[in-house]
Amino acid sequence: MKRAIVYVTVVVLTANWAQGTILDQAQEQKNGNTSISGTSYAQTFTVGVGGQLDHIDIYVGHQDRGDQSYPTTVSIVNVNNGVPSGLVIGSIDSHIFDLGWNSVDFLSESIMLTAGVQYGIVLYNDDSEVGVDPTMHWMINWSGNIYQGGDLWRWSNSNHRWNYCSPSGDSSSPTGSDACFRTYMVPEPATKLPRGLGAIAVETLKPCKEYVRSCKPLKDWQGKTMTYTITLPIDFRADRKYPIIFEWPGKGQTNPAETFIAAYHVTGHVHVALKYPLGCKDGRPLGKPTPKYTKFIRRVYRDVVKNFNCDPNYLFIGGFSAGGFMSAGPAIQMLTDANMRDVLKGVVAVGCSWIGSEKTAKGLNIMICYSDNDTNSKKLPSQLPELRRYAKNLTVKLNKGGGHKIDNEFEGPDIRKFFARNGPDRKDFKKLYELEQHFQRNTCLECIDPCYEIAKKHNSAYVFAWTLLDRMLAKVKRDLELVKQGQAVPLSVDKMREILDRYQIDETLPQPGYMRYHVRLVIGKNRMTFEGQETTLEQLPQLLEKVPDRSRTVLELAGSSPEIAYVPGTRQINENLKRIVRQVEKLRSEYGFRYLDHIGVHPLGSKGKTTRFVP
């Protein structure tokens, strides 16, 4: 079979890069082309100014397939005695396709290079994504001795070693042929400016903050740079590690996927909101992962572990609707392809059936939430026996008559328990759930003391512990008021006062200080209520304007009956309801609410809730 031929040269436009970046090394003369035929080429170079590698420019001199994008891995390797070694310092999966100079951004790799030391730029063309053999040419200088800091090398698949590339064709003679390249550095001690997947100092990370990251140059099916949003937990500390959640959104979800943290109140994890499943044009989640998306997930995982204090051994995946379908099979296969399956500790799929073979579930902890009248889950009941056979642990939550929707109150507690039971701090979570159950039966000091001890820790049980402690102390206060009214309660007045005096909480303890608010708009056939107050669509803007802390407030939209409730992605929607939904979304954006959440069926006059589980 004809193998891919790749000739590449590295290039950069200085004005477009971060301040403080300098051109360090360059070989820009070109007298011909050389090919990479299903193997790798390496250009060695010697660093002039030490610091962080910002980017490399590569020059493409010829293509056989026009503007076809060429999946090319660009790596920086160590050099031993002038010869490239197998030790890779950093690697970027690039798509080089323009004739002329192409830039490859290395900021995401945080590679520090030492002045006077020789390194290698290795190029490898991967034709697996395009399905045919592309032909690209890396422009070189045949005359030799142009760049004095290194030479061009070619990897031999036959004898498994690097050979010199020389004008005479004698690979044993180091004549010093060079490829066209330019390397750009951020000199020490210059401050590097993060760009794309740039490194972040852990001590600068803030609890609850969202970080939008990009995986340049990977693009989705629309040609847009693939991005993702990282949200840190409210108990985030730089001196501990956190489990990771990868969540995919449902089809109708235009905002970042936040079901687990916003609806189900899952805490103590670094949450990664990913784009629509695999990126597909027709609105269906793909049945299997693509090589490009596998690379994307590998890079996202590497980023959160390296820059966001994530525990590399605790990864959870999940989602609702299309995001559930993504998690129930394709994402597991993708993690297998990316050699990451051994770190997968749990799968949470909501409102979906299983995609592909049930054997994909082998050895995994899995939770599935579904409704018996949800068409998206119609295949699931017949799949459950096989899933139970293969999964390590399978938890099933059936919401009878619940429809295709997220049910916070019905599903949330069990989903939180699932994450807690399989996370690194599962012992503390188990203890807290035991305390909660005991406290529901008895108000007693023996529940409050151990809860307070866990609350003082800074693990993933931290927020739940403080919330439970608040509930316990509030119950004691309420019972004290009941005594004043002449009612009997389990504890004596002296015991209750002792508890309250003991737990005058030390203000130096870092308690959760963030609140998230929810305000609710309910649509009926001929009526509409906002936070319990009857209103009209014309009057609604005045009410929304009065809501404080709108950036921390979720605007909930519900219907008073199933035929009125709006489910994103549903084909047959009443036109009048569509108009209302569009108007509410516009108002949400105009008044700066966090996002619009479609919450299904709720009675007219009902109100949203306040929580301190999440930011």
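Conventions used here
- Residues numbered from 1 in each chain as written.
- Predicted model: local features only at pLDDT ≥ 70, side-chain atom pairs only at ≥ 80, totals over all residues.
- Heavy atoms only, no water.
- Helix = DSSP H or I, 4+ residues; strand = E, 2+ residues; numbered from the N terminus.
- Buried < 20%, exposed > 50% of the residue type's maximum accessible area, 1.4 Å probe, protein only.
- Contact = heavy atoms within 4.5 Å.
- Areas by Shrake-Rupley, 256 points an atom, 1.4 Å probe, with all protein chains shown as cover.
- Salt bridge = Lys/Arg side-chain N within 4 Å of Asp/Glu carboxyl O.
- Axes fitted to C-alpha atoms, helices over the stretch in contact; angles between N-to-C directions.
- Left-handed = near helix turned anticlockwise from the far one by under 90°.
- Nonpolar A, V, L, I, M, F, W, Y, C, P; charged D, E, K, R; others polar.
- Phe/Tyr/Trp six-rings, centres within 6.5 Å; stacked < 30°, edge-to-face > 60°.
- Core = buried A, V, L, I, M, F, W, Y, C linked by side-chain atoms within 4.5 Å.
- Parallel < 35°, antiparallel > 145°, perpendicular 65-115°, else oblique.
- Arc of directions from axis to C-beta.
- Polar contact = N/O pair within 3.5 Å; in protein donor to acceptor, adjacent residues only side chain to side chain.
- Pairing = 2+ DSSP bridges.
- Disulfide = S-S within 2.5 Å.

Chemist: I keep staring at the overall build of the protein and nothing clicks. Help me out?
Modeler: On a plain count of helices and strands, the protein comes out with 12 helices and 28 strands. Taking all 615 residues of the protein together, the buried fraction comes to 56%. Considering only contacts in the protein between residues 6 or more positions apart, those separated by 24 or more positions represent 77%. Summed over all atoms, the accessible surface of the protein reaches about 27,100 Å², with 48% contributed by carbon and sulfur.

Chemist: Even after reading the chapter, I still don't get the pattern of salt bridges, so can you show me in this structure?
Modeler: Two side chains with opposite charge may pair up if their charged atoms get near one another. Enumeration over the complete set of coordinates arrives at 16 salt bridges. Close ionic contact of K397 with D414 constitutes a salt bridge, the shortest N to O distance being 2.8 Å. With a gap of 17 residues between them, K397 in strand β22 (residues 393-399) and D414 in helix α6 (residues 408-421) connect regions that are remote in the sequence. Taken together, the salt bridges that share partners define one network made up of D449, K495, E498 and R502.

Chemist: Sorry, what's going on with the packing of helix α8 (residues 445-455) against helix α9 (residues 462-484) here?
Modeler: How two helices sit against one another is set out by the angle between their axes and by the gap between those axes. Two elements in contact, α8 and α9, have axes whose closest approach is 8 Å; the angle formed by their N-to-C orientations is 150 degrees. Relative to α9, the crossing made by α8 is left-handed. When α8 is examined against α9, the residues C447, I448, C451, Y452, I454 and A455 are found in contact with a partner set consisting of Y462, A465, W466, L468, L469, M472, L473 and V476. A class-by-class count of the residues in the contact of α8 with α9 yields 14 nonpolar, no polar and no charged.

Chemist: I'm lost on the packing of aromatic side chains in this one. Help?
Modeler: How two aromatic rings sit relative to each other is given by the distance of their centres and the angle of their planes. Under the defined criterion, the tally for this structure stands at 17 aromatic pairs. Taking the centre distance of 5.4 Å and the plane angle of 70 degrees together, the rings of W155 and W162 count as edge-to-face. Given a relative accessible area of 25%, W155 falls into the partly exposed group. Its relative accessible area of 15% is what places W162 among the buried residues.

Chemist: Honestly, the nonpolar core in this entry has me stumped. Any pointers?
Modeler: In globular proteins that are soluble, nonpolar side chains generally tend to be buried together. In this structure, F246, W248, F296, I297 and I317 are the most contacted members of the largest nonpolar core, which totals 52 residues. Ranked by the residues each element gives to this core, the list is headed by helix α2 (residues 291-307), at 6 residues. Setting aside its immediate chain neighbours within four residues, I297 contacts F246, W248, L274, M334, L335 and M340. Listed in part, the 35 residues of the second largest apolar core include F429, L432, A461 and L491.

Chemist: What should I look at first to understand the packing of α2 against helix α4 (residues 330-337) in this one?
Modeler: At a closest axis distance of 9 Å, the pairing of α2 and α4 adopts a crossing angle of 75 degrees. When the interaxial angle is binned, α2 and α4 end up roughly perpendicular. Together, Y293, T294, I297 and R298 of α2 and M334, L335 and D337 of α4 make up the contact between the two elements. Considered class by class, the residues forming the contact of α2 with α4 number 4 nonpolar, 1 polar and 2 charged.

Chemist: Where do I start with helix α10 (residues 493-502) in this structure?
Modeler: In an α-helix there are 3.6 residues to a turn, and that puts residues three or four apart on one side. Three or more residues of α10 are buried, namely M496, I499 and L500. Taken down its axis, α10 places every buried residue within 95 degrees of arc, on the same side. Of the exposed residues in α10, those oriented more than 90 degrees away from the buried face are D494 and D501.

Chemist: Looking at this structure, I do not really get the environment of G600. What am I missing?
Modeler: Looking at where G600 falls in the secondary structure, it is placed in strand β27 (residues 595-601). Owing to a relative accessible area of 7%, G600 belongs among the buried residues under this scheme. Spatially, the C-alpha atom of G600 lies 8.7 Å from that of G403, the residues being 197 residues apart in sequence. Those residues in contact with G600 that sit more than four places away from it in its chain are K405, L557, A558, G559 and A565.

Chemist: Can you walk me through the side chain of T44 in this structure?
Modeler: Within the fold, T44 resides in strand β3 (residues 40-46). Among the polar contacts listed, one links the side chain of T44 to the backbone nitrogen of D151, at a separation of 2.7 Å. Not counting the four nearest positions on each side in its chain, T44 is found in contact with V79, G82, P84, Q118, Y119, G120, Y147, G149, G150, D151 and W153.

Chemist: Is there a simple way to explain the pairing of strand β20 (residues 344-350) in this structure?
Modeler: Two faces make up the sheet, and in a regular strand the side chains alternate between them. With 6 of 7 residues buried, β20 lies mostly within the body of the structure. Taken together, the 6 bridges between strand β19 (residues 310-320) and β20 define a ladder with parallel strand orientation. Directly across from F320, in β20, lies its bridge partner V350. In terms of strand pairing, β20 meets strand β21 (residues 365-371) through 4 bridges, oriented parallel. Paired with V350 across the two strands is C369, which belongs to β21.

Chemist: Explain the pairing of strand β12 (residues 161-164) here, please?
Modeler: Bridge analysis of strand β11 (residues 152-156) against β12 gives 4 bridges, and the strand direction is antiparallel. Following the sheet pairing, R154 is matched in β12 by N163. Connecting the antiparallel pair β11 and β12 is a turn made up of 4 residues, with H160 showing a positive phi of about 55 degrees.

Chemist: Please clarify how α8 should be interpreted in this entry.
Modeler: What α8 keeps buried is the set L445, C447, I448, C451, Y452, I454 and A455. Contacts from the buried residues of α8 go to α7 (426-441), α9 and α10.

Chemist: What should I look at first to understand the state of the cysteines in this one?
Modeler: A covalent bond between the sulfur atoms of two cysteines is referred to as a disulfide. Evaluated as defined, the whole model comprises 0 disulfides. Among the cysteines around C352, which has no disulfide bond, C369 carries the closest sulfur, lying 9.3 Å off. You can call C352 buried: its relative accessible area is 1%. Here C451 is not cross-linked by a disulfide; its sulfur's nearest cysteine counterpart is in C447, at 8.7 Å.

Chemist: Mind showing me how you'd approach unusual backbone geometry here?
Modeler: Leaving glycine out, the prevailing phi sign among residues is negative, and the prevailing peptide bond configuration is trans. Even without being glycine, N81 reaches a positive phi, approximately 50 degrees. Residue placement: N81 occurs in the loop between β5 (70-80) and β6 (83-96). Of note in the backbone geometry, H265 takes a positive phi value of approximately 60 degrees without being a glycine. Relative to the helices and strands, H265 resides in the loop between α1 (259-263) and β18 (270-273). We classify H265 as buried; its relative accessible area is 15%.

Chemist: Is there a simple way to explain the environment of D235 in this structure?
Modeler: On the secondary structure map, D235 appears in the loop between β16 (225-231) and β17 (242-248). Judged by its relative accessible area of 3%, D235 falls in the buried class. Put simply, D235 and Y462 are 227 residues apart on the chain and 6.9 Å apart in space, counted from C-alpha to C-alpha.

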